[in-house]
Amino acid sequence: MRKQQLLFYTFIGLVFTFSTHASANAIKSETPNTQELSSEETAHYQKLITAGGTITEIVFALGAGERVIAVDQSSQYPEAVKQLPMVGYYRELAAEGVLSFAPDKILAIEGVGREEVIKQIESTGVQVVVYNKPNSTDGLVELIKQLADDLGKAEQAKQIIAKFNASLPSETANNTPSVKAVFLLSASDRGLIAAGSETVPQLIFNYAGIENIASEHTGFKGINNEALALHQPDFLVAPRHVVMGAGGKEKFCQSPNLSLLKAAQQCKLLVMDSLQSLGMTPRLADAIATVKNYQLENL
């Protein structure tokens, strides 16, 4: 009997030892191995929340995605971010939701949250770093450099910037655009909102050699449907979330405020990735190619 008890307790001890070892290995596999990081990266290693699709995309492109523990709703690229928990939309962050993840630092784009919310987060010791929103290629390069400095990823930044610069076509390749388009941020019963100058859509049109018929105003502003009809764009462009919110391409094209446009009547509408068309990202060349290819294939 005593021998059986001894064997039983020995067996339990082995099981406990094995379970503890397995649990430790599981935890270890979920925690980044800082020994594999450079000394510069180790010094910068922190648990991050990224707020703003452009910020998130660059952080992952720099190879720092393993540090990100949560993102905001505008962060949809790369695919890996869709596996992470979300903290709401970057302009409407709630302190409680953000702090529940116990981050060390928040990397955010200009326009993040309300001032009182940011102060509440910072009062707990969490650092909030806000970066300027880029609206030019030079601005994007500067943002990549700033993020790389903060993350200890200077060498990776050099590679990304070199690849980005090499991917861009010449902005002066088409001096006299023969094709006209308009980028619509909204086409509802309440009116039309179009992208004017000093916007990412304007930059994309410039590189693609397309005339933006809303370029007379700056930023995203309302545009009169009759004035739009006077210029008759050859095709329309809109971000995916706006088109899907309207019920799809056909519903979007059937908006009463677009009824005077031949492009809407024929539903010549290019639906673009929302972040790619509205935010300045390293995928700018892909956005330009998307617009250019649509023009070549549909006009």
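Preceding block: the structure.
The notes below deal with the structure included here.

This brings us to the overall build of the chain. A count of helical and extended segments in the chain gives 14 helices and 10 strands. Within the chain, buried positions represent 44% of all 299 residues. Within the chain, contacts between residues at least 6 apart in sequence are counted, and of these 59% link residues at least 24 apart. Accessible surface for the chain amounts to roughly 16000 Å². Of this, 51% is attributable to carbon and sulfur atoms.

As a further point, take the nonpolar core. Membership of the largest hydrophobic core comes to 64 residues, with the highest contact counts inside it found for Leu62, Leu107, Leu147 and Val291. In terms of residue count, helix H6 (residues 137–151) provides more of this core than any other element does, 7 residues in total. In this view, Leu62 contacts Ile144, Leu147, Ala148, Leu151, Lys153, Gln156, Ala157 and Ile160; residues no more than four positions away in its chain are not counted. Core analysis: the second largest hydrophobic core is formed by 22 residues, Ala187, Leu228, Cys253 and Cys267 among them.

So, about the packing of aromatic side chains. Tallying each qualifying case throughout the model produces 2 aromatic pairs. A ring pair is formed by Phe235 and Tyr294, whose centres lie 5.2 Å apart and whose planes are at 40°; its orientation type is tilted. A residue pair is termed long-range when its members are at least 10 positions apart, and Phe235 in strand S9 (residues 235–239) and Tyr294 in helix H14 (residues 284–298) qualify at 59 residues. Neither residue differs from the other here; Phe235 and Tyr294 are each classed as buried. Taking the ring centre of Tyr77 as reference, the NZ or CZ of Arg283 above it sits at 3.7 Å.

Further remarks concern the environment of Glu226. Within the element layout of this structure, Glu226 appears in helix H9 (residues 225–231). Look at Glu226 and you get exposed, because its relative accessible area is 58%. The spacing of Glu226 and Leu261 is 35 residues in sequence and 9.2 Å in space, taken between C-alpha atoms.

Rules behind the numbers
Residues numbered from 1 in each chain as written. Predicted model: local features only at pLDDT ≥ 70, side-chain atom pairs only at ≥ 80, totals over all residues. Heavy atoms only, no water. Helix = DSSP H or I, 4+ residues; strand = E, 2+ residues; numbered from the N terminus. Buried < 20%, exposed > 50% of the residue type's maximum accessible area, 1.4 Å probe, protein only. Contact = heavy atoms within 4.5 Å. Areas by Shrake-Rupley, 256 points an atom, 1.4 Å probe, with all protein chains shown as cover. Core = buried A, V, L, I, M, F, W, Y, C linked by side-chain atoms within 4.5 Å. Phe/Tyr/Trp six-rings, centres within 6.5 Å; stacked < 30°, edge-to-face > 60°. Lys NZ or Arg CZ within 6 Å of the ring centre and 35° of its normal.

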